[in-house]
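Each chain, letter by letter, is given below.
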Amino acid sequence: MTRLVVVSNRVASPTETKGSAGGLAVGVFGALKDSGGVWFGWSGDVVSDSVANQGPKLEQDGAVTFATVGLPKKDYDQYYRGFSNATLWPVFHYRNDLAVYDRDEYAGYRRVNSWLAHRAIKLLQPDDVIWVHDYHLIPFGEALRSEGVTNRMGFFLHIPFPSPQILLNIPPHEELVKSLCCYDVVGFQTPGDQAAFHDYIVRHAHGTATADGEVEAFGRKLKTGVYRIGIFPDEIAEQATRGEARQDVMDLKQSLEGRKLIMSVDRLDYSKGLVERFKAFEHFLEKSPEWRGNVTLVQIAPPTRSDVDTYQQIRHNLEYEAGRINGRYSGLDYTPIRYMNQRYDRWKLMSLFRESQIGLVTPLRDGMNLVAKEYVAAQNPDDPGVLVLSQFAGAADEMKGALMVNPHDIVGMSEAIGRALSMPLAERRERYETNMVMLRKYDLGVWRDSFLADLRGVKLDKQQSKRPANNK
Ligand code: GDG
């Protein structure tokens, strides 16, 4: 098998791929281990220009090389904090109202992608298959192509692809789509994302797109596909039960004094619908006095991107709402919302999921949402909790056993909480089984292997080394 080169904004450390962090890092590393290869990307460090230009730092782990570079402050500001997280992230999550566009940041985004591509070229071998991940790196493939790299190259978008009317808000939308067309395979989380991309190709790029994902645009041919990212359900179940005996989880259980537990875990991000969720829980307590003092919402929300303005805002809003609601419904021995603004060990999260009666996962928009899947996999099959899930999470396509909610409908979410809390065991089991069938069918290995099979299957005579042409 030819080598694999994975390129992502952040590279997992060799320890993170050994199961301690679990999830995606382990899945991607599995593919790298099988074929040998390189994992290339940003180290997460902001460094001086001279350190950044020293070339990638290499760490070897068996047949896998971890190659990381630091970014100078200006690059970090323009590429990461700026265009990636203050323009692409909000617009791709349908939040034009929160997006800012700055030409210099966009220029920085492209410049850093080219710079990263130059660093990566030195690590490439002629037959390597290159798999690029996520919105930070859309122009990475085009930068490699312009240096004459003809390897098979695929791109997977972890976040939603917005409908064209939304995408048009980003002034260089055409350049971004043109860059995507430099890959041989472009993967999306859901059919809706793929359809939105096709829609842009046909209506705005004068290209063609077939139902089975053959796309022609900007003088290039590529394949698009839907690859639903998943989890390894057995690994989650093992973590959830392993943690059961641990002291912290026992302590929490004891402190609940028999109260029902609702669990939510999200990076602290405005796309996750946290404020709306808190309001729904408040509404539930308001309308169901019998539950006051008898149910607790634990919200774990580790901070991310805290130097982006909109993230500071969401943190303030959330702290305000938690304080307000707790002020209204707390008793001497009861706090309705326990809001933890910190990161927890993975095994602890999974065992808390198992202890809880509801997994409340209500993003306003989400590419997939792995927490929803982890919640289900962590349950005790004999007495499972209920997943309450936003219809706007990619996971809603598969998790048909969830109670589906519209995260803008506070009353609807409050009603779903009530229904989940009093759901009979037989219905909970049935819903759990329905979800587990899909979790097993589309696990993380299927996601990874089906994407790589399509990428490796790209016919060499279809390789196109030239930069894309204008379609108009
Ligand atoms: C992006 C897309 C897509 C969270 N808090 C802690 C912690 N986590 C873990 C969860 C889960 C992961 O982080 C979060 O994954 P999600 O999928 O829920 O969301 P994003 O971070 O926004 O991920 C998303 C995903 O990429 C994959 O393609 O599904 O739509 O936005 O695994 O458990 N882990 C630990 N401590 C925490 O406090 N250890």
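Each value, and the rule that gives it
- Residues numbered from 1 in each chain as written.
- Predicted model: local features only at pLDDT ≥ 70, side-chain atom pairs only at ≥ 80, totals over all residues.
- Heavy atoms only, no water.
- Helix = DSSP H or I, 4+ residues; strand = E, 2+ residues; numbered from the N terminus.
- Buried < 20%, exposed > 50% of the residue type's maximum accessible area, 1.4 Å probe, protein only.
- Contact = heavy atoms within 4.5 Å.
- 1 Å grid on protein atoms, 1.4 Å probe; cavity = no way out; pocket = protein on both sides within 12 Å on 5 of 7 lines; lining within 4 Å.
- Points joined across faces, edges and corners; volume = space filled by probe spheres on them.
- Nonpolar A, V, L, I, M, F, W, Y, C, P; charged D, E, K, R; others polar.
- Near = heavy atom within 4 Å.
- Polar contact = N/O pair within 3.5 Å; in protein donor to acceptor, adjacent residues only side chain to side chain.
- Areas by Shrake-Rupley, 256 points an atom, 1.4 Å probe, with all protein chains shown as cover.
- Pairing = 2+ DSSP bridges.
- Right-handed = clockwise from strand over helix to strand, strands pointing away.
- Axes fitted to C-alpha atoms, helices over the stretch in contact; angles between N-to-C directions.

A. Looking closely at the environment of Gln-342. Following the sequence through the fold, Gln-342 ends up in the loop between strand S13 (337-340) and helix H13 (346-355). Under the relative-accessibility criterion, Gln-342 is labelled partly exposed at 42%. In the structure, Gln-342 is positioned 41 residues away from Ala-301 in sequence and 6.1 Å away in space, judged by C-alpha atoms. With sequence-adjacent residues up to four places away left out, Gln-342 is seen in contact with Ile-300, Ala-301, Pro-302 and Pro-303.

B. Representation of empty space enclosed by the protein within the structure. Summed over all chains, the structure comprises one cavity of 30 Å³ or more. Taken as a whole, the largest cavity spans an internal volume of roughly 70 Å³. If you go around the largest cavity, the residues you meet are Tyr-375, Val-376, Gln-379, Gly-385, Val-386, Leu-387, Gly-401, Ala-402, Arg-428, Arg-431, Tyr-432 and Asn-435. Elements represented by at least two residues in the lining of the largest cavity include exactly helix H14 (370-377), strand S15 (386-390) and helix H16 (425-441). With four residues, the top contributor of residues to the lining of the largest cavity is H16. When its residues are assigned to classes, the lining of the largest cavity shows six nonpolar, four polar and two charged.

C. Fine view of unusual backbone geometry. Even without a glycine there, the phi angle at Glu-257 is positive, about 45°. Turning to its location among the elements, Glu-257 is positioned in the loop between helix H10 (247-256) and strand S11 (260-265). Its identity is not glycine, yet Arg-305 carries a phi of approximately 45°, on the positive side. Note on placement: Arg-305 falls in the loop between strand S12 (295-300) and helix H12 (309-329).

D. The site of the ligand, seen in detail. Neighbouring residues of the ligand: 20 residues in total, closest His-158, Tyr-344, Asp-366, Leu-370 and Glu-374. Taking Gln-189, its side chain carries an N or O atom lying 3.0 Å from an oxygen atom of the ligand. Relative to its free-state accessible area of 730 Å², the ligand is covered by the protein chains to the extent of 87%. Looking at the shell around the ligand, the elements that each hand over two or more residues are H13 and H14.

E. A look at the pairing of S13. Judged from the four bridges that link them, S12 and S13 form a sheet pairing that is parallel. Its bridge partner lying in S13, Val-298 is registered against Arg-338. As a crossover connection, the stretch from S12 through H12 into S13 is right-handed.

F. Fine view of the sheet that holds strand S4 (residues 64-71). The 10 strands are arranged S3-S4-S2-S1-S5-S6-S7-S10-S9-S8 in an open sheet whose pairing can be described as mixed. Across the chains shown, the open sheet's two edge strands, defined by having one partner strand only, are strand S3 (57-61) and strand S8 (208-209). Bridge analysis of strand S7 (residues 185-188) against strand S10 (residues 220-226) gives four bridges, and the strand direction is parallel. In the sheet register, Val-185 faces S10, and the bridge partner there is Lys-223.

G. Geometry of the sheet that holds strand S14 (residues 358-361). Ordered by their spatial adjacency, six strands build an open sheet running S13-S12-S11-S14-S15-S16, and the pairing between neighbours is parallel. For this open sheet the edge positions go to S13 and strand S16 (403-405), each flanked by a neighbour on one side alone. Geometrically, the sheet is characterised by an average inter-axis angle of 20° between neighbouring strands, direction not taken into account. Here four bridges tie S14 to S15, and the two strands are oriented parallel to one another. Paired with Val-361 across the bridge in S15 is Leu-389. In the packing of helix H11 (residues 274-287) onto the sheet, contacts are made with S11, S12, S13 and S14, and the angle to S12 comes to roughly 175°. Contacts from H14 reach S11, S14 and S15, with the element oriented near 170° to S15.

By themselves, these figures tell us nothing about what the structure is for.
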